[in-house]
Each structure stands twice: as C-alpha cells, then as structure tokens.
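Here's the letter readout for the chains.
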Amino acid sequence: MSKFPDNFYWGGAIAANQVEGAWNIDGKGASVSDLMTYKPNIDVKNFASHHQFTTRSVQDAMSDNSVEFYPKRRGIDFYHQYKNDIALFAEMGFKVLRVSIAWTRLFPTGEESEPNEAGINFYHNLFDELIRQGIEPLVTLHHYEMPAALSLKYNGWQDRRVISLFTRFCRTCFSEYGNKVKLWLTFNEVDSIIRHPFTTAGVLEDNCGDISFEQACYNALHHQFVASALVTRLCHDMCKGARIGCMLTKTMTYPYSSRPEDVAASQLKNLNNMFYSDVQMHGRYPEMMLRMLANRGITLPFAEGDVQTLADNPADFLSFSYYMTRCESDDPDLERTPGNTTLGVKNPHLKSSEWGWQIDPIGLRVSLIELYDRYRKPLFVVENGLGTRDTVEPDGSIHDSYRIDYLRAHLREAKKAIDSGVELIGYTCWGPIDLISAANSQITKRYGFIHVDLDDMGHGSGVRRKKDSFEWYKEVIRTNGASLEQ
Ligand code: BG6
C-alpha cells in the first residue's frame, strides 16, 4: 500500500454543542442541543420516541438553568481549555480540525441585529490558535445548534423567514473569519431532519399549525436546501479561495439476501439516503423523489427563484459521516439493530459495537466508490470512529487496541478506494477527544485518542490523558498513512 495523496487533510472532528460547555456565559443563548437531557437507557430501537420535544418541554428546559441532566451544557469545557486541547491535536500532527460555530454564541436568539462580541472573539481566538499550531479549521455552520428561541417563535426551519436569519449569521461568519477559514460545511447531516426534527431543524410537532408534522419537516428540509445553496454562493463571493461542502450521513444499506424482495427494499433505502446529497451536489431534486413525495401528499414549498438558486450553487465537495452499514429486507420478523439514530436489519456477517452499531470497514470503500462515481467531485470523510467504553488502568494508561483496530481497518479501505480512483481529500475521525454523545448525551461512549476524566454526571477532574491510540494516529499522520501497513 502506497501513501495517501500529498496534502491529505488528516485530523479530527468535534462540534461546539458537544465540547464547548459554557452554554449560558459571555452572552450565549440556548440552542436546541442545550435542551437535550441525559438518556443512558434510551431504547435505541425506538430512538424517535425519546426525542419528542413539545412546546411545553422546550419552555420548561429553557427556564431551567441547571446543568446536571443536560450534559451538553457543560461539554468538556473546551470553551476554556481549547488551547491545551489544540496543543494535543498539534502533537498528533493534525492538519485540520473540524469544528462548528455555535449560532447562539453569535446571535443568542437568532434575531439580534448585531452579533455578540464575546462570541465573535471566542472564534477568532480559536481559529488563531489553530493556525498558530499549523492546523487548518474546517468549519460547520449548522451542527444541531440553532437558537431554541427560533423553534418556539417560527417552529424552526419550517418557516421560510429562518433562511434569512441563518444567512445573516453566515454572512457574519464569512466577514469575520473568511480570511482565516478556507474550508466550510453548511449543514451537518441535513438528512437527520427526518430522524430527529427538533435537534436538526427546531421543528415541534405541536407547533405546526394546520399542516402535518411530516409536511412541516419537509418544509424545513427544503428551506435548509435553499439556505445551503444561498450560503454556498455567499461563501464564494465573500471568502476568496475558500471551498464549501455539504454533509451527509452515509447510511449504506445492503440487501439482507439475494432475494429480489430484499434487493428492492435496500434499493429504496439507498436512493432515499442519497436524495439529500443529490439535491446539494446536482443542484436539483431527483424527479423520482419529487414524484414519490407528491404521491405521499407532500408538497415542497418552492418559492420563485428556488430552482435557480439550487441549480446555480451546488456544493464544492461532498463530506459525509460513516460509522456502519445495515441490511434491509421485506421480512418484518428479522432482527433489527440501531446505528446513528437509524434502524436496519442485522447483518450476520458483521460484529457490532456495544451500542449495536455494525462495524464494516469495507462498507466505507463501497460508499466512497459509490459516492464518487455518482457526483465526481472531491469527497471528505468528516466523521468515522468507534464509540465505546474505555478502562483507565491504575497507572493512568488506557489500552484501546479495539479503537486502533477499527480505525486502521477503515483507513486501509479508504486507501483502497483512493487506489481505485476516488478523489478523497481528507479524513477527520469523530471525537479525537472524548465528548458528549449526540444521541444519548453520554460521555462514557468515548471516541477519543484523548481521554477526558469526566463521567456521565459530569463528575471528575476533566484531566486529559493520552490513550494508546494517540501515538498510533500520530504515526499514521507522520507517515501519511504508510504505517497502516504494519
Ligand atoms: C453524527 C453526528 O451523526 O454522529 C455527531 O454528526 C455525533 O454529532 C456522531 O456525535 C456520533 O453519534 P453519537 O450519538 O455516538 O454521539
């Protein structure tokens, strides 16, 4: 196996709502993620029922200032410790760090006419520190961080007016940071709107007025597509030399068997998954999807100019998260297993993580080849990793050979995809430092090369420790992937 391409973006990915903490200081407002409670015993096979927010529950959570059961409010205190953490990333040789800008640090309710200066300064300091340490920022503009106030007032992205509020936030980001940040992403996992509409888009079922919840979710999705295109144009206009991508949860689905019924069932799942990147990469809705939605009684809220806006502003590259694959079948009795808030038929050929996510390195190669063949634009793996418990030995060491095995296997497959001709420009594994999980708000589901001494209730010193995987990843980066052969 030869090396990865020159200038390959090696690094890691985090999100503001899962690391920063400091949820209500220096003028920050409450985001949708700040309202998410600790859910260790979530029934992963019924994920949606655990994430049902109502107007009342949002109001209650907003008037509750406690932190104990809201782990994302405390994160890992990256807000205060970012310099130390960045120094550790630099020690590993990171070329890039994916972060997000919390909308609520700049615009606490989303509607202020001027941005919050303390928030603006925080991200200047963060980007300056990254650049000082030789790490390029890759910035997501929308990662489950919309102002909760917009959910109550507009039912989030259901309302078209949120497009202009978001583009104003992005305009501020580009004008403030455009000379420091050259890699941007619009919406994290835009497809997740259908799985958890509140955290992705602020949509509340009891706040939809006279339209159905499903219709409200598709309205929100359309508005995010239009916003993504407008922001792509804005970025090109305002940030010379920058590239801006879209982002997909890649949920590759295999037929459970070669029975045609299973093939047909998995085909629909895959088409549905790539519908989201189709719109953003091709600049138009797939005709078949439009008809499929129409057949279900869903009308997309196209306004004058939307078709042209989408067509004129496709993403520069496609980024995606990849954690696992699943199967599909028409047999309702087959065992199903969860994975990143989705549910699929269990694959008898794969092992699963403790959280039930099926580990499939070859599926990453298959995904890369499929996506590159479909879009023919650069790809960027911006999330991949194994969330699992770690044991701290009495001497403080953490032997996470399972994490190394997972990442090594995935990176070898990524390299095979590159050798097959795929243009993969970077790889940022998820959670290079332990952080609060998105779905359950647990920190004990750890992804990091760097351990954070905190438990699920926030008890602990917060001290950072290097796991065995720290030196391993450092060597992978130092050798530009050549050490993966060992
Ligand atoms: C991705 C999200 O879907 O999955 C991240 O973009 C999230 O925010 C990651 O953390 C892993 O999921 P979880 O639930 O294990 O944190």
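Cut-offs used in this document
Residues numbered from 1 in each chain as written. Predicted model: local features only at pLDDT ≥ 70, side-chain atom pairs only at ≥ 80, totals over all residues. Heavy atoms only, no water. Near = heavy atom within 4 Å. Polar contact = N/O pair within 3.5 Å; in protein donor to acceptor, adjacent residues only side chain to side chain. Areas by Shrake-Rupley, 256 points an atom, 1.4 Å probe, with all protein chains shown as cover. Nonpolar A, V, L, I, M, F, W, Y, C, P; charged D, E, K, R; others polar. Salt bridge = Lys/Arg side-chain N within 4 Å of Asp/Glu carboxyl O. Helix = DSSP H or I, 4+ residues; strand = E, 2+ residues; numbered from the N terminus. Buried < 20%, exposed > 50% of the residue type's maximum accessible area, 1.4 Å probe, protein only. Pairing = 2+ DSSP bridges. Axes fitted to C-alpha atoms, helices over the stretch in contact; angles between N-to-C directions. Contact = heavy atoms within 4.5 Å. Parallel < 35°, antiparallel > 145°, perpendicular 65-115°, else oblique. Left-handed = near helix turned anticlockwise from the far one by under 90°. pLDDT = per-residue confidence, 0-100. Core = buried A, V, L, I, M, F, W, Y, C linked by side-chain atoms within 4.5 Å. Phe/Tyr/Trp six-rings, centres within 6.5 Å; stacked < 30°, edge-to-face > 60°. Lys NZ or Arg CZ within 6 Å of the ring centre and 35° of its normal.

Asker: Can you walk me through the site of the ligand in this structure?
Answerer: Close to the ligand lie 15 residues; Glu-189, Glu-383, Ala-438, Lys-445 and Tyr-447 are nearest. A distance of 2.5 Å separates an oxygen atom of the ligand from a polar atom in the side chain of Glu-189. Glu-383 is positioned such that a nitrogen or oxygen atom in its side chain is 2.7 Å from an oxygen atom of the ligand. Contact with the protein chains hides 99% of the accessible area of the ligand, taken as 380 Å² for the molecule alone. Its residues assigned to classes, the shell around the ligand comprises 7 nonpolar, 5 polar and 3 charged.

Asker: Explanation requested: the pattern of salt bridges in the structure shown.
Answerer: Opposite charge on two side chains permits them to pair, given that their charged atoms come into close proximity. Scanning the model with the defined rule gives 34 salt bridges in all. Residue Glu-413 pairs with Arg-365 through a salt bridge whose shortest N-O separation is 2.5 Å. One end of the pair, Glu-413, is in helix α16 (residues 401–419); the other, Arg-365, is in helix α15 (residues 361–375), with 48 residues separating them in the sequence. For Arg-365, a relative accessible area of 25% translates into the label partly exposed. Among the ionic pairs, Asp-434 bridges to Lys-467, the shortest N-O distance being 2.9 Å. Of the two residues, Asp-434 sits in the loop between β12 (424–430) and β13 (450–452) while Lys-467 sits in the loop between β14 (464–466) and α17 (468–478), which places them 33 residues apart along the sequence. Overlapping salt bridges, with partners in common, bring together Asp-390, Asp-400, Arg-403, Asp-434, Arg-446 and Lys-467 in one network.

Asker: Can you help me understand the sheet that holds strand β11 (residues 379–383) in this one?
Answerer: Backbone hydrogen bonds hold the strands of a sheet together, and the pairing may be parallel or antiparallel. Taken in spatial order, the 8 strands line up as β1-β2-β3-β4-β5-β7-β11-β12 and close into a barrel, and their pairing is parallel. Taken over all neighbouring pairs, the strand axes of this sheet differ in orientation by 25° on average, direction set aside. Pairing analysis gives 3 bridges linking β11 to β12, with the strands arranged parallel. Counted as the bridge partner of Val-381 is Tyr-427 from β12. Packing against the sheet, α16 makes contact with β1 (9–13) and β12, and its axis sits at approximately 165° to β12.

Asker: What should I look at first to understand the packing of helix α12 (residues 260–282) against α15 in this one?
Answerer: If you want to describe how two helices pack, look at the angle between their axes and the distance between the axes. Here α12 crosses α15 at 40°, and the two axes come no closer than 11 Å. When the interaxial angle is binned, α12 and α15 end up oblique. Between α12 and α15 lies a crossing of right-handed hand. Between α12 and α15, the contacting residues are Leu-271, Met-274, Ser-277, Asp-278, Met-281 and His-282 on the first element and Glu-370, Leu-371, Arg-374 and Tyr-375 on the second.

Asker: Mind showing me how you'd approach unusual backbone geometry here?
Answerer: Most peptide bonds adopt trans geometry, and most residues besides glycine take a negative phi value. A positive phi angle is found at Glu-189, which is not glycine, with a value near 40°. In this structure, Glu-189 sits in the loop between β4 (183–187) and α10 (197–201). One non-glycine residue, Thr-341, lies in the positive phi region at around 65°.

Asker: Would you mind showing me how to read the confidence of the model for the protein chain here?
Answerer: Atomic detail in the predicted coordinates should be set aside for any region of low pLDDT. When pLDDT is averaged along the protein chain, the result is 96; 98% of the residues meet or exceed 70. Least confident of the elements in the protein chain is helix α2 (residues 47–50), whose mean pLDDT is 58; most confident is strand β2 (residues 96–100), at 99.

Asker: I tried to follow the pairing of strand β3 (residues 136–142) on my own but got confused; where do I start?
Answerer: Walk down a regular strand and you will see the side chains alternate between the two sheet faces. Taking burial as the measure, the 7 residues of β3 include 6 buried ones, the bulk of the element. Pairing between β2 and β3: 5 bridges, direction parallel. For Ser-100, the partnering residue across the bridge sits in β3 and is Thr-140. Bridge analysis of β3 against β4 gives 4 bridges, and the strand direction is parallel. If you follow His-142 over to β4, its bridge partner there is Phe-187.

Asker: When you look at the nonpolar core in this model, what are you seeing that I'm missing?
Answerer: Within soluble globular proteins, side chains that are nonpolar generally end up buried alongside one another. Of all hydrophobic cores here, the largest spans 138 residues; its most connected members are Trp-157, Trp-184 and Tyr-473. Take this core: its biggest share by element is 12 residues, from helix α11 (residues 213–238). Membership of the second largest hydrophobic core comes to 10 residues, among which are Tyr-9, Val-96, Leu-185 and Phe-380.

Asker: Can you help me understand the packing of aromatic side chains in this one?
Answerer: Aromatic rings in a pair are described by how distant their centres are and how their planes are angled relative to each other. Scanning the model with the defined rule gives 33 aromatic pairs in all. On the numbers, 5.9 Å between centres and 45° between planes, the contact of Phe-166 with Phe-169 is tilted. A residue pair is termed a helical-turn pair when its members lie 3 or 4 positions apart in one helix, as Phe-166 and Phe-169 do in helix α9 (residues 161–177) at 3 residues. One exposure class covers both Phe-166 and Phe-169, and it is buried. The structure contains a cluster of three or more aromatic residues connected by ring pairs, namely Phe-4, Phe-8, Trp-10, Phe-89, Phe-94, Phe-449, Trp-472 and Tyr-473. Against the face of Trp-23 rests Arg-73, its NZ or CZ located 3.9 Å from the ring centre. Positioned above the aromatic ring of Tyr-70, the side-chain terminus of Arg-73 is 3.7 Å from the ring centre.

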